[in-house]
Amino acid sequence: NGQHSQSSKLSATKQKGTFGRPRNASPPLPSKPHHVISSIPCQASEYLLSRRLLLPTCVVPSAILVVPAVSTFALSSLAYIVGVSDGLLSITTCSLITLAATWGITKVGKSIISRHAPNKEAEMKALRQSFVALPFWSMVICLLVMKVTLSMLDIWSGGSTADSRGWMSWSVGIGSNSMFWSVKVATMCVRPACAWLLLSLSIRWRYSGWFCPIVRCSGVPLRANPFDATLQKVGRNFTSKERFLDAIAEGLDRLSAPSSSKIPDSIPTDKLPFSGFGTDTKPTQIAATMQQRAVPGGPLYGSRNPRYSRPGILAVLVQALISAVIGMLFAVVFVAPLLDSSDDVAVWILNITCTLAPILELFANGINESELHFEHYSSLLDGSGSFVFQMMRDVGHRMKRSVFGLRTLTLILASVIVTTIDRPAIATITHASSTSIAVMLAMVSGMAVQDVLTRWCLCAPGLDGDVLLFNILGGPAGNTKKTKFLTEDLIIQGILSDGATVDQVIKSSTVSRHGGYQEDEIARNKIACATYANWIQESSTVASGKLSDDILRMCLLESLGGGGPSSSADGPSFGGERQSAAIRKRLGLSAASASGTQPFIVPIVRCLCAFSGGLGDSMTVLFRTVDENGTPLRQTRTSELWKLPPGSLDAAKYAIKAAARIAVMNSTLVDGKRGPKRDELLSLQLPCVLQSAFKLRCGLHVYAKAVARLQDVSLSNDQDVGEFIHSKCPEILVAVEACDESARMAKKTILRSGDRSSEAIFGWKGDMKSYLAEL
């Protein structure tokens, strides 16, 4: 909200150039920092998550309960027409024969139309006209043939006809007969529906609820789980002589280090991971601890449990307990009524199976895939693959990982049988063991299907921020009562998790001591990136929020930076039709805002640049393999202490592409037409896009070096790093290509403006200058 209440004072009537300072523009009055911390993004994220979890939780149990009953009603109606009403098997067989004959006659009719049509146009017209009539009359013919045949052969008696009784009695008979069989089938399906509902609830509580959910979609690097890091460190120390000596040296260093150390109040500006701009701009000091930034511009979100690369031991134990309880209820609801209660061996074995199967599935799939791969699931639902094929592939992948759990359960059951006091017969053991394995496969398969459906629903693309905010605030009247919280506020606060970074991106532009708005924007972007990078290092573990915040962030980023082909030589690409329309909408609303205020779209681009650039700066520090003096660091200081979840790569790719698309579309002809209004302040964000793209690319290269070091691969120069990314790291390659594509779009737009050369405008030097020259 603060971004709209501050005036930019950029009311010049004449412009000096695209990237120069506007003439006759008086500098804005200094204002106090306006930190914006609202609870509305948290409410929106919880609303979004609950709506997306409702469908996968209830759709399969509802389908099990409704679909068989409705199908039985339709089949029994067809069977009653031909004179069959006794026995569910007879009704099903007769109806299926009728439907198969109807389908065959319909296919023959379509082939006749195609063969005798004079041309393609006449054929399509005839098929459209017979789309309903042909199947209908085919079914009428089949019903008449079936009725005559059954009457002549005296097979399946019991149906009523309209001749023996009136049409009204016949209608009541078909309705009552169909309703009887459908209710009977629905009653039979109640138990399986309840059993699947239990499995769906066990999966849902991994995502949201009061019981320590373990699934996340983190958009930033995370610290390694202390338990995992300790085990990994101990294991690696004994893999080679060099690592063993490094471990001893590190221990000696800790013993010789001072017992206490004081955290500095600020980070020296010359140590911040800045890169690029060649001036001597010095950013303001940035607080080093979360407590110093907590008031008034601290983290926007909080979490009860620290967030590590893998779930904590408490959350795992709670989820294991929930899985055991769900398994016991599953045994009582679904398995126990099917067993002979006098067979104690089978009852015990199946109870153990139902209790341990969900726990083993939790450790096999739930913990290993606690981080959502947003791009994998959202791309399928966006129309880029076969739903059934991908469904079977993902379920098979989870079933394959559960084979270890099946073997473990077999050993447990064998131990229980062997230690039984009353030794059962071999036939009893074989029957109970085979039944338990079948039950376990059914439970694991059902949980795998439910988990895949839940992940697809959570990562579904197509979020509209305006619609989401309207549903939360209840329209313009409710929004007025909540101090005009706009969609731009939701985007900024939903993407960034740090109040200090939010304050950097929403402040109005000022004239820096270097004398230009462009220099102020570049310096601001440096500070915002460094602030967000510092937040990742210091506070992301305890202030990353919940899964609902992650899903909101990823959906907002995907709505602007997802989809679409790569840019070509003919012109830039603005993503798919949905992303292009969303960007045009934001540009149009920004252009229609009141004059004299900061355009609404500018802080969004700053937010996207700060997010992607800050992520790159943090990776440059966290995953570096050498220190400032070029001395190689021990592996325990890089990729063994920090992990990069798949969601962070997706978020970085979406963010940098969205920033480039918005800034470039503001200055580019689209479909032969320019946007509603070309905004000058938004054009000043093009160099910031280049800056953030370079920062992110450098961070990805540093992370690739850390991955190569873990694999004992030596990379001597940037060319080796690029070849390693192309051959061994396809997920990093996609993010690197997004950086290059975004930088290329921004550079071409700047050069086509014809104001100045890129070197004179930006003053880049060093690696940044070489990178721009290679684009």
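About the cut-offs
- Numbering of residues begins from 1 in every chain and follows the order in which that chain's sequence is written.
- A pLDDT threshold of at least 70 governs which residues receive local features in this predicted model, and a stricter bar of 80 or more applies before side-chain atom pairs are shown or counted, although totals over entire chains, interfaces and linings include all residues.
- As a rule here, side-chain values come from all non-hydrogen atoms in the structure, and water together with hydrogens is ignored.
- Secondary structure elements are taken from DSSP: a helix is a run of H or I of four residues or more, a strand is a run of E of two residues or more, and numbering for both begins at the N terminus.
- Contacts: residue pairs with any heavy atoms within 4.5 Å of one another.
- Computed with the Shrake-Rupley method and a 1.4 Å probe, the accessible areas treat only the protein chains shown as cover for residues.
- Any two rings among Phe, Tyr and Trp, with Trp reduced to its six-membered ring, count as a pair given centres within 6.5 Å; such a pair is stacked if its planes are under 30 degrees apart, edge-to-face if over 60, and tilted if neither.
- Think of it in three bands: with a 1.4 Å probe and only protein chains considered, a residue is buried below 20% of the maximum accessible area for its type, exposed above 50%, and partly exposed in between.
- Expected span of a helix: the number of residues minus one, times 1.5 Å.
- Fitting one axis to the seven residues ending at a residue and another to the seven starting there, the bend at that residue is the angle between the two axes.
- Like charges within 9 Å and nonpolar side chains (Val, Leu, Ile, Met, Phe, Trp, Tyr) within 5 Å are joined into patches, using only residues over 30% in relative accessible area that form no salt bridge.
- One side-chain nitrogen of Lys or Arg within 4 Å of one carboxyl oxygen of Asp or Glu is enough to make a salt bridge.
- Structural elements are reduced to axes, namely lines fitted to C-alpha atoms, with helices fitted over the stretch in contact, and the angle between N-to-C directions of any two is expressed from 0 to 180 degrees.
- Here roughly perpendicular refers to angles of 65 to 115 degrees, roughly parallel to angles under 35, roughly antiparallel to angles over 145, and oblique to all remaining angles.
- Should the near helix be turned anticlockwise from the far one by less than a right angle, the crossing is termed left-handed; should it be turned clockwise, right-handed.
- Amino acids are sorted into nonpolar (Ala, Val, Leu, Ile, Met, Phe, Trp, Tyr, Cys and Pro), charged (Asp, Glu, Lys and Arg) and polar (every other residue, Gly among them).
- Values of pLDDT, the confidence the predictor places in each residue, fall between 0 and 100.
- Buried Ala, Val, Leu, Ile, Met, Phe, Trp, Tyr and Cys residues form a nonpolar core when they are joined through side-chain atoms within 4.5 Å.
- Think of a 1 Å grid over just the protein atoms. A cavity is a set of points where a 1.4 Å probe fits yet cannot get out, a pocket is an open set with protein on both sides within 12 Å along at least five of seven lines, and lining residues have an atom within 4 Å of a point.
- Grid points are joined across faces, edges and corners, and a volume is the space filled by probe spheres set on the points.

## Some remarks on the overall build of the protein
And then number 1: On a plain count of helices and strands, the protein comes out with 30 helices and 2 strands.
And then number 2: Counting only contacts in the protein whose residues sit at least 6 apart along the sequence, the fraction spanning at least 24 positions is 81%.
And then number 3: Taken as a whole, the protein presents about 36600 Å² of accessible surface, with 62% of it coming from carbon and sulfur.

## Details of the packing of aromatic side chains
Describing an aromatic ring pair means giving the distance of the ring centres and the angle of the ring planes.
And then number 1: A full pass over the atoms with the stated rule returns 8 aromatic pairs.
And then number 2: The interplanar angle of 75° and the centroid separation of 5.2 Å between the aromatic rings of F136 and W137 together place this pair among those described as edge-to-face.
And then number 3: Here W137 falls in the exposed class, since its relative accessible area comes to 53%.
And then number 4: Ring centres 5.6 Å apart and planes at 40° place the aromatic pair F694 and Y771 in the tilted group.

## A short note on helix α11 (residues 344-366)
The α-helix winds at 3.6 residues per turn, so residues separated by three or four positions along the chain end up facing the same way.
And then number 1: Relative to the 33 Å expected for 23 residues at 1.5 Å per residue, α11 spans 32 Å between its end C-alpha atoms, a close match to the ideal helical length.
And then number 2: Bending of α11 peaks at approximately 30° at the position of L356, with proline P358 no more than four residues after it.

## Focus: a nonpolar patch on the surface
And then number 1: A contiguous nonpolar patch, built from L65, V66, V70 and V190 and spanning about 300 Å² of accessible area, is present on the exposed surface.
And then number 2: Along the polypeptide, V66 turns up in helix α2 (residues 40-82).
And then number 3: Here V66 falls in the partly exposed class, since its relative accessible area comes to 44%.

## A word on the packing of helix α22 (residues 577-591) against helix α24 (residues 646-665)
And then number 1: Viewed as axis vectors pointing N to C, α22 and α24 meet at an angle of 55°, and their least axial separation amounts to 10 Å. With respect to α24, the axis of α22 lies oblique. Taken as a pair, α22 and α24 cross one another with a handedness that is right-handed. Two secondary-structure elements touch here, α22 through Q579, S580, I583, R584 and L587 and α24 through R661, I662 and M665.
And then number 2: Its residues placed into classes, the contact of α22 with α24 shows 4 nonpolar, 2 polar and 2 charged.

## Concerning the confidence of the model for the protein
And then number 1: Residues at a pLDDT of 70 or more form 72% of the protein, whose mean pLDDT is 76.
And then number 2: In this model residues 1-36 is a low-confidence stretch, pLDDT under 50, and it forms 99 contacts with partners more than four residues away in sequence or in other chains.
And then number 3: In this model, residues 254-299 is a region of pLDDT below 50 whose contacts with residues beyond four sequence positions or in other chains number 89 contacts.

## A look at the pattern of salt bridges
And then number 1: Applying the stated rule across the entire model yields 21 salt bridges.
And then number 2: Between D466 and R586 there is a salt bridge whose closest N-O contact spans 3.1 Å. One end of the pair, D466, is in helix α16 (residues 465-473); the other, R586, is in helix α22, with 120 residues separating them in the sequence.
And then number 3: Salt bridges linked by common partners bring E369, R398, R401, D451 and R455 together as one network.

## Some words on the nonpolar core
The nonpolar side chains of a soluble globular protein tend to be buried with one another.
And then number 1: L608, F623, I662 and L700 are the most contacted members of the largest nonpolar core, which totals 140 residues.
And then number 2: Element by element, the count of residues in this core is highest for helix α26 (residues 686-710), at 14 residues.
And then number 3: L78, V84, L143 and L150 belong to the second largest nonpolar core, which has 10 residues in total.

## A few points about the environment of S62
And then number 1: Its location among the elements puts S62 in helix α2.
And then number 2: Residue S62 is classed as partly exposed on the basis of its relative accessible area, which comes to 39%.
And then number 3: For the pair S62 and V190, spaced 128 residues apart in the sequence, the C-alpha separation amounts to 9.8 Å.

## A look at the environment of T57
And then number 1: Along the polypeptide, T57 turns up in helix α2.
And then number 2: T57 sits 140 residues away from L197 along the chain, and the two C-alpha atoms are 7.3 Å apart.
And then number 3: In contact with T57, not counting residues within four places along its chain, are L197, S200, L201, R204 and Q450.

## So, empty space enclosed by the protein
And then number 1: The tally for this structure, following the rule as stated, stands at 5 cavities of 30 Å³ or more.
And then number 2: There is about 50 Å³ of room inside the second largest cavity.
And then number 3: Taken together, S218, G219, V220, L222, R307, S497, W535, S544, D550 and R553 make up the full set of residues lining the second largest cavity.
And then number 4: Looking at the lining of the second largest cavity residue by residue, the classes come out as 3 nonpolar, 4 polar and 3 charged.

## Looking at the packing of α2 against helix α21 (residues 547-561)
And then number 1: Following both chains from N to C, one finds α2 and α21 inclined at 90°, their axes separated by 8 Å at the closest point. In terms of orientation, α2 lies roughly perpendicular with respect to α21. Residues P41, C42, S45, E46, L48, L49 and R52 of α2 touch α21, and the partners they reach there are L547, S548, D549, I551, L552 and C555.
And then number 2: The class makeup of the residues in the contact of α2 with α21 is 8 nonpolar, 2 polar and 3 charged.

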